[in-house]
Amino acid sequence: MKVAAWAWFFLAALLCAGAGIAHGADAGANSREALRTKYGALQDRLSHNAFQRPLALNSSETSNSVAGDIYTLVNYPFATVNAALNGLDNWCDILILHLNTKYCRASATGQGGILNMRIGKKFDQPLDEAYPMEFAYRVAAPAPNYLLIKLSADEGPLSTRDYRIVLEAIPLENGQTFIHLSYSYSYGIVGRFAMQIYLGTTGKDKVGFTVAGTQPDGQPLLMGGTRGLVERNTMRYYLAIEAFLGALSEAPQAQFEKRIRDWYAAIERYPRQLHEMEQGAYLEMKRSENQRQRAGLPEFGKMLAGRGTPE
């Protein structure tokens, strides 16, 4: 039973704390020129895909890591995207939209910032029952007409490590912005065991977006396993970014409500992969978490420093 409890916290961390750059898209590959080249290479996939939007999704895995990448066009000028995503506090507003993010507090540092987060279950939950994660935030390689944001955590629960979120963006001549979002993590023996438990039980029938083959009835066979998991969460994080951008035109006091409604509507476009709870339950949960987040919790730092072991 103890292993099962730890396994849940591991999976919750993967579902939400997270972050990541695909290992194939390491620091050396991030540049304005490389992203422009990728945009040219993806023209056909951006125009013809099952997402009904200009979006391409890739996933990969090794014996000890998994990664997802989304490339997409957004109908916002680069200046808008740059101003919105080049802001430490805004990332808490983005990440809190995910089902499993229970709390996020940003604090500036000399070289960027820190996101102190709590990751939990898919219902309103006391923070001392959620798992603490800390992510370093920095704006890397500042350059004209190129945005590169990196979030990273060196370690997590159950021998997980190397959590990464990387977002890069460039302007296009038509006024749109081309975005690349990467998400990944690595895990050890204990983490692999926990993943096997999840994929053999709760996650057995869950799928991602990549077509991995054809079923006997001729229908597409969608990617399952760890690649299916990372595809689902890469999409959840991208849709959170999209919801955040879409709410910027509202009055400040109305933005949060628009974000949570738009995020839920967006995931429901892909119910086979992303539906987890009903709209009313999600909205009520996020309103409660938002009130807690806006109030600020002075005891949170002590909770994080103690790295309280989940029961």
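Along each chain, residue indices are assigned from 1 in the same order as the chain's sequence is written. Given that the model is predicted, a residue must reach a pLDDT of at least 70 before its local features are reported, and side-chain atom pairs must reach 80 or more before they are shown or counted; all residues, however, enter totals for whole chains, interfaces and linings. Side-chain figures throughout are based on the complete set of non-hydrogen atoms in the structure, without hydrogens or water.

Asker: Describe the nonpolar core, with residues and values.
Answerer: By convention a nonpolar core is built from buried Ala, Val, Leu, Ile, Met, Phe, Trp, Tyr and Cys residues, the set being connected through side-chain atoms within 4.5 Å. To sort residues, take the accessible area from a 1.4 Å probe on protein chains only and compare it with the maximum for the residue type: under 20% means buried, over 50% means exposed, and anything in between is partly exposed. One finds Trp91, Leu115, Leu167, Met235, Trp263 and Tyr282 to be the most contacted residues of the largest nonpolar core, which totals 64 residues. Contacts are assigned to residue pairs with any non-hydrogen atoms lying within 4.5 Å of each other. Residue contacts for Trp263: discarding those within four places in its chain leaves Leu97, His98, Leu99, Arg236, Leu239, Ala240, Ala243 and Tyr282.

Asker: How would you explain the packing of helix α6 (residues 189–200) against helix α7 (residues 225–246) if you had to name every residue and give the values?
Answerer: For the pair α6 and α7, interaxial distance at closest approach is 10 Å and the crossing angle is 85 degrees. Regarding the angle of α6 to α7, the classification is roughly perpendicular. In this structure, α6 uses Met195, Tyr198 and Leu199 to contact α7, whose residues at the interface are Gly225, Thr226, Leu229 and Arg232. Under the scheme applied here, ten amino acids are nonpolar (Ala, Val, Leu, Ile, Met, Phe, Trp, Tyr, Cys and Pro), four are charged (Asp, Glu, Lys and Arg), and all others, including Gly, are polar. Looking at side-chain class alone, the contact of α6 with α7 contains 4 nonpolar, 2 polar and 1 charged residues. Fitting a line to C-alpha atoms yields each axis, with helices limited to the stretch in contact; the angle taken between N-to-C directions then spans 0 to 180 degrees. Think of it this way: any DSSP run of H or I at least four residues long counts as a helix, any run of E at least two long counts as a strand, and we number them from the N terminus. Any angle from 65 to 115 degrees is called roughly perpendicular, while one under 35 is roughly parallel, one over 145 is roughly antiparallel, and all others are oblique.

Asker: Which residues make up the state of the cysteines, and what values do they have?
Answerer: Disulfides are defined as pairs of cysteine sulfur atoms found within 2.5 Å of each other. If you walk through the whole model with that rule in mind, you get 1 disulfide. Between the sulfur atoms of Cys92 and its disulfide partner Cys104 the distance amounts to 2.0 Å. Across the S-S bond linking Cys92 and Cys104, the dihedral sits near -65 degrees, which makes this disulfide left-handed. Placement of the pair is Cys92 in helix α5 (residues 88–95) and Cys104 in strand β3 (residues 101–109), with a sequence separation of 12 residues.

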